[in-house]
Amino acid sequence: MGVARSMRCEQRRFPAAHRSVSALVVAAGRPRRLHRRGGYRLRAPSFNLRPPMLIRLDPSSVPGDNAMELRILGPVELLVDGRTVPLLRRQQRLILGILALEANRLVSRTRLITLLWAGSPPPQARAILQSRVSETRSALNDHLDGSSVLLTRDSGYMLTIAPERVDVHRFYALVRDARQSTSDEDVQRLLRKANQLWRGPVLGGWTPSGPNESLCASIEETRLTADEDLWAAELRLGCHHLIVDRIAQAAARDPHRERLVGLAMTALHRSGRTAEALRLFERSRRSLAEEFGVDPGAALRDLHRVLLGTTPAVTSTVPRLLPSAAPHLIGRDHDVTRTRSLLTTQRSSVRLAVVTGPAGVGKTALSVRVAHDVSQHFPDGQLYADLHGTDRRTAADVLTSFLRALGASRIPADVDERASLYRNLLAGKRVLVVLDNALDAGQVRILIPAAASCAVLLSSRRRLGAALGAASIELDVLGTRPAIELLLTLAGRPPLEQERGAAAEIVRLCDGLPLAIRAVAARLAVKPHWTLAELCTRLADDRKRLDHLIYDGLDVRASILPSFAGLSDDARTLLYRLGGSGSADVDRAESATLLGLDAGDAEEILEELHDARLLDVSAPGSVREPHRYRLPDLVRLVAAEQARLTPSNG
């Protein structure tokens, strides 16, 4: 019961530290006896300090050369104005380190005495403590122009210092931010920065062991978990060759940490060192059995079976999940050719292409057509998922459907375990993965296989190429000639010379948007008695045009509206006001007037709308002239309609 209570307490204090981040393994989920570096450990409540406070770092507040800084992630060091302040006595350093851990919080004399003398203080302990505190205060005051930061209260002492001036608090803030991030690149950057703060054991690894264990154990444990989080992110980024030796050495030192062992096994396997991965598993299994009388957890055993090639959870199958291709793809020959080349040209890493463009421009049609065209290059299967351009369909849901399509009969409960099994099933295979209508890079990153034999074709309204390290294919609306060809082909109308002017006007009113052209062409196809001129008249009414751009699942309004969902309040207000005013061209000064903001803030809002593919740049700016932005006509109509429905935003 005591172990279970301690585990629950630790989970409440640092819940993220107990979540599995590895794509392959999670903690075994069973209480372990106290051991040196892995699993859970009993706390010594008489010594344990509160965890360091979590802060959100302001870059301007990170220590520079003109402030006091305390370093306790290693030997205790005090710096003032960038220079080290000598603290000659060990107890001075320990007192300062303990107070830094509890920055801006009172630490009682009784607690300090217990910590300094491991529960067995000499008779004169109180006098010695007062003397050491006085010496420490003098050292501080001498270097801080007499201003006191070490305060005495009736029952104890308090160090007043900004938490970001203490390395342990910066460490916890970086770890916290990494755990909240959805970007593996950001996780890697933040945790590497956190790791660089460490210069050795907390407080220099001082003794006695009792206080050291109680003061430092949770910080050291968080460091180990942060290392695992970092390595898991780097494995997802395909950096196994850069970390394999470090992570293998760490697992060899700590064979009880099952998550660490699983990460090391994965890195070794991906680096062509599967035999070493299997030996590491055997060492971990023996160590757990001999010291704790338990077997490795299910996740680690499953990984072992996968590496042995004997996992019973998967049957061989070739998935063919591509939807049918649109029969007509007009005006996209160059884009199709380039996308095919990106997917079929061999590279040393997974081939990744991103098709991007505004709503209704034909990203799905092009992606599916190209996927069918290159399917013969991927004989082991083609996977497809529509992510709907929102967060409604998560990576966990997609992994489940992909694993079933690949023949997995047992789906792991943990999303990282699913991702691990997914990557293992694709290792060495030639599979094309099509991820349609992605919301952002974070939604799809875990779905990108590591194998260079695979390829991924992604479509999104957002420009995700740079975030994913992928080549981008930018789709724009159709020019007049291919737009007319698409209209007449789908409507089944002959290209009559006398109707060419009406056809040109229809595609202009459709803003050259393929979805809108398909919708009106479908209407013409079922209404052969309509002339093109008659359709022009119907479309000319701005208030009713969107109603004519709907037919049997083809809906321009429904396609554009999701792009409004993630906008800030100011961006939505500007969009509605532009739509309501009928203005199609705007710059930052005009936007600032509409919003009552300064020009700089207005330009940021214009860029937000541009990123959401709701504004185009009509005239790039210069040093003297600002950018001008154009509101596409159909977006203007949707915005005007929404403004009428929500007058407060108009």
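Here, residues in each chain are numbered from 1, in the same order as that chain's written sequence. Local features are withheld for residues below a pLDDT of 70 in this predicted model, meaning they are given only at 70 or higher, and side-chain atom pairs are given and counted only at 80 or more; totals for whole chains, interfaces and linings count all residues. To get the side-chain values, all heavy atoms of the structure are used, and hydrogens and water are removed first.

**Observations regarding the confidence of the model for the protein chain**
Condition: The quantity called pLDDT is the predictor's confidence in a given residue, expressed from 0 to 100. We call two residues contacting when some pair of their heavy atoms lies within 4.5 Å.
Put simply, the protein chain has an average pLDDT of 82, and 84% of its residues get 70 or more. Here residues 1-66 is modelled with pLDDT under 50, and outside its nearest four sequence neighbours on either side it reaches 158 contacts, counting other chains as well. Predicted confidence is poor over residues 310-314, with pLDDT under 50, and the contacts of this stretch with residues over four places away or in other chains come to 14 contacts.

**With respect to helix α15 (residues 415-426)**
To keep things clear, this is the line we draw: Secondary structure is summarised from DSSP: a helix means a run of H or I of at least four residues, a strand means a run of E of at least two, and numbering begins at the N terminus for each. For a helix, the expected span equals 1.5 Å multiplied by the number of residues minus one. Buried residues are those whose accessible area, probed at 1.4 Å on protein chains only, stays under 20% of the maximum for their type, while exposed residues exceed 50% and partly exposed ones sit between those limits. Throughout this description, a polar contact denotes any pair of N or O atoms lying within 3.5 Å of each other; where both atoms belong to protein, one of them has to be capable of donating a hydrogen while the other can accept it, and for residues adjacent in sequence the pair is counted only when both atoms sit in side chains.
The end-to-end C-alpha separation of α15 is 17 Å, in line with the 16 Å expected for 12 residues at 1.5 Å each. Within α15, 11 of the 12 residues are buried, which leaves it mostly tucked inside the rest of the structure. For α15, the full list of buried residues reads D416, E417, R418, A419, S420, L421, Y422, R423, N424, L425 and L426. Sitting at the amino-terminal end of α15 is D414, which places a side-chain oxygen 2.9 Å from the backbone nitrogen of D416. G428 lies just past α15 and shows a positive phi near 80 degrees.

**A look at the pairing of strand β2 (residues 77-80)**
Stated formally: Any two strands between which DSSP finds at least two bridges are classified as paired.
Pairing of strand β1 (residues 68-71) with β2 involves 4 bridges; the strand directions are antiparallel. If you follow R71 over to β2, its bridge partner there is E77. From the end of β1 to the start of β2, which pair antiparallel, there are 5 residues, and G74 there has a positive phi angle of about 135 degrees. Bridge count for β2 against strand β3 (residues 83-85) is 3 bridges, and the pairing is antiparallel.

**Things to note about a negative patch on the surface**
Our working definition: Within this analysis, patches are made of residues with over 30% relative accessible area and no salt bridge. Like charges are joined at 9 Å or less; nonpolar side chains (Val, Leu, Ile, Met, Phe, Trp, Tyr) at 5 Å or less. Method for areas: the Shrake-Rupley scheme with a 1.4 Å probe, in which residue coverage is limited to the protein chains shown. What counts as a salt bridge is simple: a side-chain nitrogen of Lys or Arg found within 4 Å of a carboxyl oxygen of Asp or Glu. Charge counting follows a simple rule: Lys and Arg are positive, Asp and Glu are negative, and His as well as the terminal groups are ignored. Taken as the charge centre is NZ of Lys, CZ of Arg, CG of Asp or CD of Glu, depending on the residue.
A contiguous patch of negative charge, built from D570, D598, D601 and E604, is present on the exposed surface. Structurally, E604 is set in helix α27 (residues 599-611). For E604, a relative accessible area of 58% puts it in the exposed group.

**Looking at the nonpolar core**
Applied cut-off: The set of buried Ala, Val, Leu, Ile, Met, Phe, Trp, Tyr and Cys residues whose side-chain atoms join them within 4.5 Å is what this entry labels a nonpolar core.
In this structure, L487, I506, V556, I560, F564, L575 and L614 are the most contacted members of the largest nonpolar core, which totals 74 residues. Those residues within four positions of V556 in sequence are excluded, and the remaining contacts are L513, L515, A516, L546, L549 and L634. Counting 54 residues, the second largest nonpolar core, distinct from the first, contains W117, L140, Y157 and A233.

**Let's talk about the sheet that holds strand β6 (residues 156-159)**
Condition: Only the stretch in contact is used when fitting a helix axis, every axis being a line fitted to C-alpha atoms; angles between N-to-C directions are given from 0 to 180 degrees.
Reading across the sheet, the 3 strands line up as β4-β6-β5 and stay open at both edges, with antiparallel pairing between neighbours. Each edge of the open sheet is held by one strand with a lone partner, namely β4 (107-108) and β5 (150-152). Examined bridge by bridge, β4 and β6 share 2 bridges and lie antiparallel to one another. Among the inter-strand pairings, S108 is bridged to a residue of β6, identified as G156. Lying over the sheet, helix α4 (residues 125-143) contacts β5 and β6, oriented at roughly 140 degrees with respect to β5.

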